[in-house]
Amino acid sequence: MRARVLAATTVLAVLASGAPAPAHAAPPVTAAPAAAVPCPRLPAPKVTRPPRPTPPPSVPEEQAVGGDALATAGLVAPPGSPAPPAVTATTWLVADLDTGAVLGACGPHEYGIPASTQKLLLTATLLNRLDPKQVATATRADLDIERGSSAVGLLVGGRYPVETLWLGLLLQSGNDAANMLARLGAGSARAGVAEMNAEAHRLGARQTHAATPSGLDGPGQFTSAYDLALIARACFADARFRRYALTERTQIPAQPALKKGGFQIQNENQLIYRYPGALGGKTGFTERARHSFVGAAQRGGRRLVVTLLGAESRPARGWQQGAQLLDWGFSLPRDASVGRLVDPGELDAERVAPSGSPAAARPTPPPQWRGPAGTALRRMADGDWQVIVPAAGLLALTVGGFVAVLAARRGRSRRTGRRRA
């Protein structure tokens, strides 16, 4: 009898020490999302274009990268700021290259098609992996590009310095140069694309997926205005890129072994010729993507970058729309901000903590190994009833069995004592 009472008492003590059973909480009340502010748009001429691919489903966490205010398909601008210029671009963003502050945007996290602005991701990935003085030979696979697409004019068997390839990529938007650089930096064009996607992830460009090194349309290839700004910021942090982006012209070397002469190429980005303080950038166009543009400039000690996707060339070209948005950005106060560009590696190091808290910027320490018993005790302390109930039952059986054994041994001891008397 004593054994049963002791076992029952033990079970009650174990259950009482655990956390109370979770109550049925009322569902949280969430406010309806505010309607998006329409972006100022210029009427664009109707064009015939191939059907656009269906983008991936939006992920709320990705939409809010850089700040909750950026999770909109509409316009986000600092309170009291002048209205930004109307453009034909479907999405755009203006940010400070140095502080990372986002000054304003239109659908910053909406999916778009990058076209040749994707060459900036190739640059951010491989620029520092290749010796600019290395001389490499072009292969037939390097020249396997879409007929009629932009090319430097590399020749199979031609020998070119890596620096010349970078200039051909950024000045002339050479798709042949993109394939060759991806091969030289990663072993093949396909491996280069894999490296580009890894770099996009590291930079925090979670809506970017590359399918080609050049930006020629490929399955599942997307980016966003916000992601392009992250990638551009990484590029402009490199002195070699800044020099290449401002180069107006360069010479493609002659190939005596192939009996071909050299020729000159020029920078296609009109921003560097026509916008005071321009730092360079990248243009892009495909039939599906339409016009895309990345440009940067400095004025009054500030360096701003603009990115835009899905623009038409009339009534204003992509670089002109970018220039108008840069003017708008420079007109804003230095402390104007609606969000920020995350730092490389930041999203991977974030802890699950409220946005903006100090814990959000600290890497999560690896969980300490406690062993099976320690883990079970930790879960019991946290009120995990899936562990508490079986553990209590097992403990009750163990204690009850132990008490029963003691009682039996005590009974035998008493009987043995009577025989000895």
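Residues numbered from 1 in each chain as written. Predicted model: local features only at pLDDT ≥ 70, side-chain atom pairs only at ≥ 80, totals over all residues. Heavy atoms only, no water.

(A) Spotlight on the nonpolar core. Of all hydrophobic cores here, the largest spans 60 residues; its most connected members are Trp166 and Tyr226. Of the residues forming this core, the biggest block, 9 residues, is contributed by helix α7 (residues 225-236). Setting aside chain neighbours within four positions, we find Trp166 in contact with Leu122, Thr123, Leu126, Leu127, Leu130, Leu181 and Tyr244. In this structure, Tyr275, Ala323, Leu325 and Leu332 belong to the second largest nonpolar core, which totals 26 residues. (Core = buried A, V, L, I, M, F, W, Y, C linked by side-chain atoms within 4.5 Å. Buried < 20%, exposed > 50% of the residue type's maximum accessible area, 1.4 Å probe, protein only. Helix = DSSP H or I, 4+ residues; strand = E, 2+ residues; numbered from the N terminus. Contact = heavy atoms within 4.5 Å.)

(B) Looking closely at the packing of aromatic side chains. The final tally for this structure, using the stated rule, is 3 aromatic pairs. Arranged with centres 5.8 Å apart and planes meeting at 70 degrees, the rings of Tyr111 and Phe222 form a pair that is edge-to-face. Linking Tyr111 in the loop between β3 (101-106) and α3 (119-126) with Phe222 in the loop between α6 (189-203) and α7, this pair joins segments that are 111 residues apart in sequence. For the pair Tyr111 and Phe222, a shared accessibility class is recorded, and that class is buried. Ring geometry for Phe236 against Phe241: centres 5.0 Å apart, planes inclined by 90 degrees, an arrangement best described as edge-to-face. Look at Phe236 and you get buried, because its relative accessible area is 1%. Overall, Phe241 belongs to the buried group, its relative accessible area being 1%. (Phe/Tyr/Trp six-rings, centres within 6.5 Å; stacked < 30°, edge-to-face > 60°.)

(C) Just the state of the cysteines, in detail. Applying the stated rule across the entire model yields 1 disulfide. The residue that forms a disulfide with Cys39 is Cys106, at a sulfur-sulfur distance of 1.9 Å. Across the S-S bond of Cys39 and Cys106 the torsion is about 105 degrees, and the bridge reads as right-handed. With Cys39 in the loop between α1 (2-17) and α2 (60-63) and Cys106 in strand β3, this pair connects stretches of sequence that are 67 residues apart. (Disulfide = S-S within 2.5 Å.)

(D) A look at the packing of helix α4 (residues 162-171) against helix α5 (residues 175-186). Taken N-terminus to C-terminus, the directions of α4 and α5 make an angle of 135 degrees; their axes are 9 Å apart at the nearest point. Of the possible angle classes, the one that applies to α4 and α5 is oblique. Crossing of α4 against α5: the hand is left-handed. Note on element contacts: α5 touches α4 through Ala177, Ala178, Met180, Leu181 and Leu184, opposite Val162, Leu165, Trp166, Gly168 and Leu169. Taken together, the residues of the contact of α4 with α5 break down into 9 nonpolar, 1 polar and no charged. (Axes fitted to C-alpha atoms, helices over the stretch in contact; angles between N-to-C directions. Parallel < 35°, antiparallel > 145°, perpendicular 65-115°, else oblique. Left-handed = near helix turned anticlockwise from the far one by under 90°. Nonpolar A, V, L, I, M, F, W, Y, C, P; charged D, E, K, R; others polar.)

(E) Fine view of the packing of α3 against α7. Running from N to C, α3 and α7 cross one another at 45 degrees; their axes reach a closest spacing of 9 Å. Taken as axis vectors, α3 and α7 run oblique relative to one another. Handedness of the crossing formed by α3 with α7: left-handed. In this structure, α3 contributes Leu120, Leu121, Thr123 and Ala124 to the contact, and α7 contributes Ile231, Ala232, Ala234 and Cys235. Each residue belonging to the contact of α3 with α7 can be placed in one class, and the counts come to 7 nonpolar, 1 polar and no charged.

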